[in-house]
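Chain residues, written in single-letter form:
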Amino acid sequence: MIVAAGAPAGPIVPNFGSGNRCVVENHTFCWSWVNAHWGDTLQPALSQHVELSAIAIGIGFVIAFTTGLLTYRRRWMSRPLEGFSALLYTIPSLALFQILVPFTGITTTTVEVALVAYTLVMLFPNIVAGLNSVPADALDVARAMGFTRRQTLLSVELPLALPTIVAGLRVAVVSTVSLATIAAFLLPKGLGYPIFLALKEPSPFRTEIYAAGALTVALALVADLLLVALRRFLVPWARRGAV
Amino acid sequence: MTALAVFGRGSRRSNRSIEGSPGAEIRLEHVSKRYPGTNSDAVSDLSLTIAAGELCVLVGPSGCGKTTTLRMINRLIGLDSGEIEIDGRSTRATTVTELRRGIGYVIQEGGLFPHMTVAGNIGTVPRLLGWSRSEVKSRVSELLELVGLDLTLAERYPAELSGGQKQRVGLARALAADPPLLLMDEPFNALDPVVREHLQDELLRLHRELAKTIVFVTHDVDEAIKMGNRIAILRQGGVLAQYDTPDSILARPANEFVQTFVGENRALRRLALRRLEEIELAKPTGAAKRLPEIAASASLREAVSRMIETKSEALTVVGENGETLGLVRLGDAMRMLG
């Protein structure tokens, strides 16, 4: 049912493009819309979303990991940093954008800086806690057997800290994937963008919101499952419990 | 002797004799240590020579500096003054990692790395020393056999082992690079009495077979008496109260502290130190046939106990195959303590 351009008669009907009855009648959810707009809307938004999240987690992890390694033996340093990362997390995202825009403009950088800041609270304390959870007698024996500091870190501390680090990473990934939707307030990017657009429309058509929302949830779940699999692969000793 | 052969193969990389490395002599000379923030010595002016191949037990109440002394030998704790020498070489003459890789170290519950398999744990020091993968692997099998563990345990993780098994793995790991010296810090403390006794016997067997020097820390005087060739009894502040053989300590406690620390029933405990097969037995007489029997592997204490039970002042000592070896009499036991 196409309204011919320039048709003089009748009310002016906004052009929502071609659509079947489901779309035209504003049903709750229309697979046909998802099919029709996968290529031009959902798929690009999903790719952008993955990119936004992956970069944020990657950079966040590098920062948290390096800082964690440098400070975990010194509680007086790691404690304030944990407090600082928690403080960053309390800043509302939109406010953080406001703070950042004068410096980094309306760019992906602004979004990434905010997302990275939010990952720290989940990554840093877990990395520190993981490294500090290594049993004292394992460290003692490592020293007594002639491990150097570096060998102790690489073959005793990091492997034993891994379960806790991965636990932090899982929370960070799920939360970042969810948070990355706010990028749409600044940029036409990510799965937040279709949601953002649909919310601005007065139309009661909600399929876009549901589809983009469901994709966000699915992405978070898939990423989480990958991390669970990674953990099983890297931490075989924790899987086989005590007899 | 099989264990010696096993060791010979294992130690090929160290260019040592086929029997594996013999024990090392350890000399502590005027060693003192005070921890920062305390106003008394943890160890004060301690001098001690442990002969090569000896099993020396450091024993004493908590706070006597026995663990501190042990940990100064492999420089886990630095000394404030004095000198420690292993086979005439100062422990400060080599790098700390090199020193430690040449000294076996065993702690309570084995101190195993929870993320490494049994094989991974045992192969730790050989890997640090750069042995090849196949050398490490064959060494691990030898050691599992040596400490009486099934080869199928090699791929298990520590969480899947019993306390006794963990301790055996810990011992195997300490022996992996065939060090001349083992340091053991209350190794059997966490074990239940039956397993503990079994492992004590196993360690004594290994010590006889391998002739390593072993420094063994415990707070349990009975364990010290059972395990030690020599016992160093330390008192508060790391002062040496007495350093002698178990028999001499029981027979002649040097002072009141040692007497109290060692405890009651010293005569009976001395008898427990001697096996019938080690003492001179009286010739069997015609009457021997009617005397109660006792195995030659039993201790003199067990013999006396049996005499009391059976109301007989003499027993026939029989060998493994039931052959009569001689007589043991109550009077022998008394003379032995003389």
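Residues numbered from 1 in each chain as written. Chains lettered and ligands numbered in written order. Predicted model: local features only at pLDDT ≥ 70, side-chain atom pairs only at ≥ 80, totals over all residues.

Student: Please set out the overall build of chain A residue by residue, giving values where relevant.
Tutor: When its secondary structure is counted, chain A shows ten helices and zero strands. Taken over the C-alpha trace, chain A has a radius of gyration of 24 Å; the compact-globule value for 243 residues is 18 Å, which it surpasses by more than 25%. Seen through its C-alpha atoms, chain A measures out along the principal axes to roughly 90 × 50 × 20 Å. (Helix = DSSP H or I, 4+ residues; strand = E, 2+ residues; numbered from the N terminus. Rg over C-alpha atoms; globule rule 2.2 N^0.38 Å.)

Student: Pulling in residues and values, what's your account of the overall build of chain B?
Tutor: Regarding its fold elements, chain B presents 14 helices and 13 strands. Relative to the globule expectation of 20 Å for 338 residues, the C-alpha radius of gyration of chain B, 22 Å, shows essentially globular dimensions. The C-alpha extent of chain B, read off along each of the three principal axes, is 65 × 50 × 35 Å. The burial tally for chain B puts 43% of its 338 residues in the buried class. The contacts of chain B with a sequence gap of at least 6 include a subset with a gap of at least 24, amounting to 65%. (Buried ≥ 20, exposed ≤ 12 C-beta atoms within 10 Å, placed from the backbone. Contact = placed C-beta atoms within 7 Å.)

Student: Break down the interface of chain B and chain A for me, with residues and values.
Tutor: Facing the 17 residues of chain B at the interface are 18 residues of chain A. At the level of secondary structure, the elements contributing two or more residues to the side of chain B that touches chain A comprise α3 (96–101), β6 (103–107) and α5 (124–128) of chain B. Looking at side-chain class alone, the side of chain B that touches chain A contains nine nonpolar, five polar and three charged residues. (Nonpolar A, V, L, I, M, F, W, Y, C, P; charged D, E, K, R; others polar.)

Student: Residue-level account of the sheet that holds strand β2 (residues 43–50) of chain B, with values.
Tutor: Residues and elements named next belong to chain B. The strand order across the open sheet built from four strands is β2-β1-β4-β5, with neighbouring strands paired in antiparallel fashion. Whereas interior strands pair on both sides, the edge strands pair on one side only; in this sheet they are β2 and β5 (89–90). Sitting on the sheet, helix α2 (residues 66–73) is in contact with β1 (26–33), β2 and β4 (81–86), with an inclination near 120 degrees to β1. (Pairing = 2+ DSSP bridges. Axes fitted to C-alpha atoms, helices over the stretch in contact; angles between N-to-C directions.)

Student: Kindly report on the sheet that holds strand β11 (residues 293–295) of chain B, identifying the contributing residues and their values.
Tutor: Backbone hydrogen bonds are what pair the strands of a sheet, in a parallel or an antiparallel way. Residue and element names in this part refer to chain B. The strand order across the open sheet formed by three strands is β11-β12-β13, and the pairing between neighbours is mixed. Only two strands of the sheet have a single neighbouring strand rather than two, namely β11 and β13 (324–329). Sheet twist, expressed as the mean angle between neighbouring strand axes with direction ignored, is 35 degrees.

Student: Outline the nonpolar core, listing residues and values.
Tutor: By size, the foremost hydrophobic cluster in this structure holds 122 residues, and its most contacted members are Leu123(A), Leu143(B), Ala172(B), Leu183(B), Val215(B), Phe216(B) and Ile233(B). Of all the elements, helix α5 (residues 108–132) of chain A adds the most residues to this core, at 14 residues. Beyond its immediate chain neighbours, meaning those up to four positions away, Phe216(B) contacts Leu55(B), Cys56(B), Val57(B), Met184(B) and Met227(B). With 14 residues, the next largest nonpolar core counts Ile294(B), Ala303(B), Val304(B) and Val317(B) among its residues. (Core = buried A, V, L, I, M, F, W, Y, C linked by C-beta atoms within 7 Å.)

Student: Lay out unusual backbone geometry with the relevant residues and their values.
Tutor: Residues and elements named next belong to chain B. In this structure, His30 is a non-glycine residue whose phi angle is positive, near 50 degrees. Along the chain, His30 falls in strand β1. Positive phi, close to 60 degrees, is recorded for Arg75, a residue that is not glycine.

Student: Talk me through the pairing of strand β3 (residues 55–59) of chain B; I want residue IDs and the actual numbers.
Tutor: Residue and element names in this part refer to chain B. With five of five residues buried, β3 is to be regarded as a mostly interior element. Residue alternation in β3 divides its side chains into two sets, Leu55, Val57 and Val59 and Cys56 and Leu58, and both sets are buried. When β3 meets strand β8 (residues 213–218), the two strands line up parallel, connected through five bridges. Opposite Cys56, over in β8, you have Val215 as the bridge partner. One ladder, built from four bridges, connects β3 with strand β9 (residues 230–235); its direction is parallel. Pairing of Leu58 across the sheet is with Ala232, part of β9.

Student: Hey, could you go over the environment of Leu46(A) for me, with residue numbers and the actual values?
Tutor: Residue and element names in this part refer to chain A. Secondary-structure assignment places Leu46 in helix α2 (residues 31–71). Along the sequence, Leu46 and Phe103 sit 57 residues apart, while their C-alpha atoms lie 28 Å from each other. Dropping the residues within four chain positions of it, Leu46 is found in contact with Leu191, Leu215 and Leu219.

Student: Tell me what's going on with the confidence of the model for chain B, and back it up with residues and numbers.
Tutor: All names here are of chain B. Chain-level pLDDT for chain B is 89 on average; 93% of the residues reach the 70-or-more range. Across residues 1–19, confidence stays below pLDDT 50; counting only partners more than four residues off in sequence or on other chains, it has 30 contacts. Model confidence for the complex: the whole-complex pTM is 0.82, and ipTM, which rates the interface, is 0.82. (pLDDT = per-residue confidence, 0-100.)

Student: Give a detailed account of the confidence of the model for chain A, specifying residues and quantitative values.
Tutor: Confidence in the prediction of chain A, expressed as mean pLDDT, is 88, and 90% of residues score 70 or more. The spread of mean pLDDT over the elements of chain A runs between helix α10 (residues 236–239) of chain A, the lowest at 78, and helix α7 (residues 149–179) of chain A, the highest at 95.

Student: Can you break down helix α13 (residues 300–310) of chain B residue by residue, with the values?
Tutor: Residue and element names in this part refer to chain B. Residues of α13 that are buried: Leu300, Ala303, Val304 and Met307. Here the buried residues of α13 occupy an arc of 100 degrees about the axis, which is enough to place them on one side. Elements that come into contact with the buried residues of α13 comprise α12 (266–272), β11, β12 (314–318), β13 and α14 (330–337). Immediately beyond the C-terminal end of α13, within one or two residues, lies Lys311, with a positive phi of roughly 50 degrees. (Arc of directions from axis to C-beta.)

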